[in-house]
Amino acid sequence: MVLVRLLVLSLFHMSLGGSQPTQSSQQASSPPHPAGQQSPLGTSNLSFPWSRLRLPRYIIPLHYHLLLHPNLTTLSFTGSVQIQIDVQNNTNWVVLHSKGLQISKAAIVDQNFAHLSDQVLPVLHNPSHEQIGIFSPRVLSSGQKYFLYLEFGAELSEGFYGFYKSTYRTSTGETRTLASTHFEPTSARMAFPCFDEPSFKANFSIRIRRSPEYISLSNMPVVETFEVNAGVLEDQFDASVKMSTYLVAFVICDFKYVTATTSSGVQVSIYASPEKWPQTHYALEVAVKMLDFYEEYFNIHYPLPKQGTLCLVFLLLLCQIPLFPPFTFSPLTCVFPLSDLIAIPDFESGAMENWGLTTYRETSLLFDPLTSSISDKLWVTMVIGHELAHQWFGNLVTMEWWNDIWLNEGFARYMEYISVEATYPDLKVEEYLLQTCFSAVGHDSLNSSRPISSPAENPTQIKQMFDTVSYDKGACVLHMLRHFLTDDVFQRGIVRYLRKYSYRNAHNQDLWDSLANTCSEEDFMSGKHCYSSSQASKNAYLFAGEHMDLTAMMNTWILQKGIPLVTVTRKGPHLLLRQDRFLRTVLPSDRLWSTLQQGFLWHIPLTYKTDASSTIHRHLMTTPTDSIHIGEEVSWVKVNTDMTGYYVVHYEDGGWDEMTKLLRENHTALSYKDRTHLIHNAFQLVTAGHLSLDKGLDLIGYLQLETHTVPLLEGIGYLETFYRMTEKRNEFDVISNLGMYILRFFRAVIDRQTWSDRGSVSERRLRSEVLSLACHLKDPPCLERARESFKDWLQSNGTLNLPTDVAVTVFSVGAQDDHGWVSLLHTYNMSLSEAQKSKILFALTCSRDTNKLHRLLELGLEGKVIRSQDLSSVILMVARNPRGYRLAWNFVKKNWDTLVQKFQLGSFCIRNILIGTTGQFSSPEELTEVQHFFESIKEQASQLRAAQVALDNVQKNVRWFQRNLETLRNWLNKQLQ
């Protein structure tokens, strides 16, 4: 075959030119040392040369040669790094990042490996900026390349960032240690000195020394392993492609793996601790399918070629090509791609997209068919889809700076839905996208929200960019844009973006230009099917008969915070439209309202549907008010069809009454997404003061007719939220009546649920939610069945596998007595299934015994029985308990300094703890208490956007009760007469 023969010929030429190591690679194996060991240059007359947080641009790293030797007994590591640098301006200084590293030696050599000084160079530290400066007495000349050599050491980190220690326990009780990395966003500098900013892309050649009982993994495969001395092996990994420092990764462990190959030849391996190895098979299946899908969707092969040694003779034999003397061949390195996924026992986030070595929390990668529910399966599938999407979005093309992290995370979050829908349609992932957008709306409708693209300079500010806005709002804005441009235009645009900026960094504008098919004159002249330069300057796109400016449109969504409220009024044949900023913390009657509305305007791609036709109508709204001609014969209009647009809709002048009537008389005239969207919008408008609570409650009165899971769960979810809020307020009559109403109204739904794992994904999801709520509301049949199942489970000594979809409910009921609680804690401590452990942990936090809840919090703080990675979840779950929400808040206040030390100030764990615990409060006294706490930690709170979000949330809750409690009480009394 022609292709095979071409491949063989190319390999032959590679073998002739690649058998001898280069001078650079020889130098890397023998780090440079000064000829004479003299005293270092003095530092007394030197001051740190750089005052900014961002590194200077006059030194560019090209290639890192990194050697690391971790000691898993002493829990420390030593290392050296040789960085090839390109000097842009004459200078005596090299400034780069380092945090917590002891630098023992520094040297600079030129391209001929001649030392610039015969003395050890001085290293100055600026700890506040996490930077070091190396002084060269000889000027580094512009346009020249040099090698910076540093030796260093440090302790393995105790937290979840940098190069850190992790442990796991075997079934025999033995504790084993491993070392892993997590560098995003600014922690590579904790493992080795580096230029730790995303735009400083470079190649990395990594070597790791280890004991023989361990393996080491990194972004690239091992090309050679040799013995350094007795009991120490060194793995040399192949050189990487150009990438940012935050994507570098290495793990030293004793794990096992499973392997398979994609249709294009990518070798995929899943690693886990030896006893959890059987739980890796589903992840392997998912990863293979996902990589196949992404290669086709992006029309770009998996962009990280890894290499392994393959004998050319063997390849030629495979190709049936005879060998003739006098030709002989030595082993040759042939390029083939690998993708490794590994479950780390201690891991703060869900997963990390390190190029070629994605790391995961065990619950995000491992799937046990006996204990993992359908929700667990969906979670594992989506997380793998997210991280593998990053291999293109984020790794191949990286945002220029952290202010645009949404270009990584918003895309990866959205690609979760596109990829899972394509590869696992039975999981019905499209039903979950609405919840992602609802979550974004909830955050974005607070005044404390931020624009998707926001300034972020120091590490604390950067960590806070990994939030609901970057992930969820970013995904929903992309969803709106995809439907606006059409699937085909959107897909071709992002392929254009990925191809043009491969192995480079990009800005928002680069994405808009790619989507609008505009480009530079150079691109146009090279024949890349771009517009002419004059057309490119207009950045025009034809939509619904109108020319629109894509950049101008998208800037209204990316560069300003908040979400628009589109108010719709019917006037004869016209639909009158008005856009305002949607806020849930300020009422239109408040004095602040007009101030907070000033300057906000969006370009909104409106869609709407009427009873007059099945057509989805489109209209671009770019002004504060607008109107659309719909005709006299139309009886109803539903705006924002299937919630493809990121905006809230309010129907004025009896419009909500029309929607309520439509749902009761003919709810199937609307799609399940439209029905869910109406329920969500109605109760959001109630909170914002635009709609009375009884109108929202009347709207969901149709739910007894509803058969689709998603709108059912949306309506039930709001009623459960009201119940749990009033539960913490001790409004006993409202609690009693609301619980009675829910059980009566949804009796038929509850009764038709089976205690099994049968049915579709949607049916199983509904079963889990409905039975959990019914037992929480003390429904006698539910409690009786749950107690019976728990008794059977106890008597089996834990060998009985409960139906996974109802296991949480059974465990939660069983945890209410002392024996059940203690038995569950014992099983939690011994279980090898993280899916089962997470269900048990939730159940343990449902206890009504505050001593038990306090014990769980202390166990989480201790970090042995309950890992530190799960502490924030324990706090939130205890706070959800009406007996524990004050306990959780007091625990946070008492242990605040310890929590910040464990999780770092700007981390999502600290954000979730603050917002999650305070979000349970709804009285003016509690609002004052939260304000006083933030005053007591003023220096830290001033750096945290989460502090203002927490205050906004409590204020929202306070006002909700002030406006709606009596309405709810009266409405319930009327319903139960």
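Residues numbered from 1 in each chain as written. Predicted model: local features only at pLDDT ≥ 70, side-chain atom pairs only at ≥ 80, totals over all residues. Heavy atoms only, no water.

(A) Up close: the overall build of the chain. Counting secondary structure elements, the chain contains 35 helices and 32 strands. Every one of the 977 residues in the chain was classed for burial, and the buried ones make up 60%. A separation of at least 24 residues holds for 72% of the contacts in the chain among residues at least 6 apart in sequence. Carbon together with sulfur atoms contributes 51% to the accessible area of the chain, which is approximately 38300 Å² in total. (Helix = DSSP H or I, 4+ residues; strand = E, 2+ residues; numbered from the N terminus. Buried < 20%, exposed > 50% of the residue type's maximum accessible area, 1.4 Å probe, protein only. Contact = heavy atoms within 4.5 Å. Areas by Shrake-Rupley, 256 points an atom, 1.4 Å probe, with all protein chains shown as cover.)

(B) Focus on helix α29 (residues 871-880). Extensive coverage of α29 is indicated by the burial of 7 of its 10 residues. Within α29 the residues assigned to the buried category are L871, S872, V874, I875, M877, V878 and A879. In this structure, the buried residues of α29 make contact with α27 (834-844), α28 (850-862), α30 (885-894), α31 (896-903) and α32 (908-918).

(C) Representation of the packing of α29 against α30 within the structure. Between α29 and α30, the shortest axis-to-axis distance is 7 Å and the interhelical angle comes to 140 degrees. From α29, L871, I875, V878 and A879 reach across to α30, where they touch Y885, A888, F891 and V892. Looking at the contact of α29 with α30, its residues break down into 8 nonpolar, no polar and no charged. (Axes fitted to C-alpha atoms, helices over the stretch in contact; angles between N-to-C directions. Nonpolar A, V, L, I, M, F, W, Y, C, P; charged D, E, K, R; others polar.)

(D) View of the sheet that holds strand β3 (residues 91-97). In spatial order, the strands read β3-β6-β5; together these 3 strands make up an open sheet with antiparallel pairing. Only two strands of the sheet have a single partner each, and these edge strands are β3 and β5 (123-126). With direction set aside, neighbouring strand axes in the sheet form an average angle of 30 degrees. Here β3 pairs with strand β6 (residues 131-140) via 6 bridges, running antiparallel. Bridging from a neighbouring strand, V95 pairs with G133 of β6. (Pairing = 2+ DSSP bridges.)

(E) Geometry of the sheet that holds strand β19 (residues 338-344). Read from one edge of the open sheet, 5 strands run β15-β16-β19-β21-β20, paired in mixed fashion. Two strands lie at the open edges of the sheet, namely β15 (256-261) and β20 (351-352), each paired on one side alone. Relative to strand β21 (residues 357-361), β19 runs parallel, the two sharing 5 bridges. Residue L341 lies in a different strand from β21, and its bridge partner there is T358. Strands β15, β16 (267-272) and β19 of the sheet are contacted by helix α3 (residues 281-298), whose axis makes an angle of about 150 degrees with β16. In the packing of helix α6 (residues 374-390) onto the sheet, the strands contacted are β19, β20 and β21, and the crossing angle to β21 comes to about 150 degrees.

(F) Quick peek at the pattern of salt bridges. Applying the stated rule across the entire model yields 45 salt bridges. We note a salt bridge from K852 to D849, for which the minimum N-O separation is 3.0 Å. Overall, the relative accessible area of 12% leaves K852 in the buried class. In the salt-bridge network here, residues are joined through shared partners; they are R54, R57, E197 and E457. (Salt bridge = Lys/Arg side-chain N within 4 Å of Asp/Glu carboxyl O.)

(G) Geometry of the confidence of the model for the chain. Of the residues in the chain, 89% reach a pLDDT of 70 or more, and the chain-wide mean stands at 90. Segment residues 306-335: pLDDT under 50, and 51 contacts once partners within four positions in sequence are set aside and those in other chains are kept. Low pLDDT, under 50, characterises residues 524-547; the stretch is placed with 46 contacts to residues that sit more than four places away or in other chains. (pLDDT = per-residue confidence, 0-100.)

(H) View of helix α17 (residues 655-666). Spanning 12 residues, α17 covers 16 Å between terminal C-alpha atoms, matching the ideal 16 Å at 1.5 Å per step. Every buried residue of α17 is listed here: G655, W656, M659, T660, L662 and L663. The arc that holds the buried residues of α17, viewed along the axis, is 160 degrees, so those residues lie on one side. (Expected span 1.5 Å × (residues − 1). Arc of directions from axis to C-beta.)

(I) Representation of the state of the cysteines. The final tally for this structure, using the stated rule, is 2 disulfides. Shown here is the disulfide that connects C437 with C476, its sulfur atoms set 2.1 Å apart. Across the S-S bond of C437 and C476 the torsion is about -110 degrees, and the bridge reads as left-handed. With C437 in helix α8 (residues 430-444) and C476 in helix α10 (residues 468-485), this residue pair connects regions lying 39 residues apart in the sequence. Across the pair, exposure class does not vary: C437 and C476 are buried alike. Here C775 engages in a disulfide with C782; their sulfurs sit 2.1 Å apart. Between C775 and C782, the disulfide has an S-S torsion of -100 degrees and is therefore left-handed. (Disulfide = S-S within 2.5 Å.)

(J) Highlighting the packing of aromatic side chains. Under the counting rule described, the total for this entry stands at 53 aromatic pairs. Seen in terms of ring centroids, F195 and F200 are 5.7 Å apart; in terms of plane orientation they differ by 55 degrees. Their pairing is tilted. What makes F195 buried here is its relative accessible area of 1%. Over the ring of Y424 we find K289; its NZ or CZ atom is 4.4 Å from the centre of that ring. (Phe/Tyr/Trp six-rings, centres within 6.5 Å; stacked < 30°, edge-to-face > 60°. Lys NZ or Arg CZ within 6 Å of the ring centre and 35° of its normal.)

(K) The pairing of strand β27 (residues 574-581), seen in detail. With 8 bridges connecting them, strand β26 (residues 564-571) and β27 associate as antiparallel partners. For P564, the partnering residue across the bridge sits in β27 and is R581. Linking β26 back to β27 in an antiparallel pair, the connection comprises 2 residues, with G572 at a positive phi of about 60 degrees.

(L) Inspection of the nonpolar core at higher detail. Judged by nonpolar contacts, the single largest core of 310 residues is most densely connected at F192 and I384. No other element matches helix α35 (residues 945-975), which puts 13 residues into this core. (Core = buried A, V, L, I, M, F, W, Y, C linked by side-chain atoms within 4.5 Å.)

(M) Quick look at the environment of M877. Structurally, M877 is set in helix α29. If we skip the residues at most four places from it in the chain, M877 touches L841, F842 and T845.

(N) Structural view of unusual backbone geometry. The step from E184 to P185 runs through a cis peptide bond, and the omega angle for that step is 0 degrees. Checked against the element boundaries, P185 lands in the loop between β9 (175-182) and β10 (203-210). In this structure, N299 takes a positive phi of about 55 degrees despite not being glycine. Mapped onto the elements, N299 comes out in the loop between α3 and β17 (307-310). Phi is positive for N640, which is not a glycine, with a value near 70 degrees. Within the secondary structure layout, N640 lies in the loop between β31 (637-639) and β32 (648-651). We classify N640 as buried; its relative accessible area is 0%.

(O) Broad picture of the environment of I405. Secondary-structure assignment places I405 in the loop between β22 (397-399) and α7 (406-423). Expressed as a C-alpha distance, the spacing of I405 and F466, which sit 61 residues apart in the sequence, is 7.6 Å. If sequence neighbours within four positions are ignored, I405 has contacts with E184, M399, M465, F466 and S470.

(P) The pairing of strand β2 (residues 76-87), seen in detail. With 11 of its 12 residues buried, β2 lies for the most part within the structure. With 12 bridges connecting them, strand β1 (residues 59-71) and β2 associate as antiparallel partners. Of the residues in β2, the one forming a bridge with I60 is D86. Counted along the chain from β1 to the antiparallel partner β2, the turn is 4 residues long, and its residue L75 has a positive phi close to 60 degrees.

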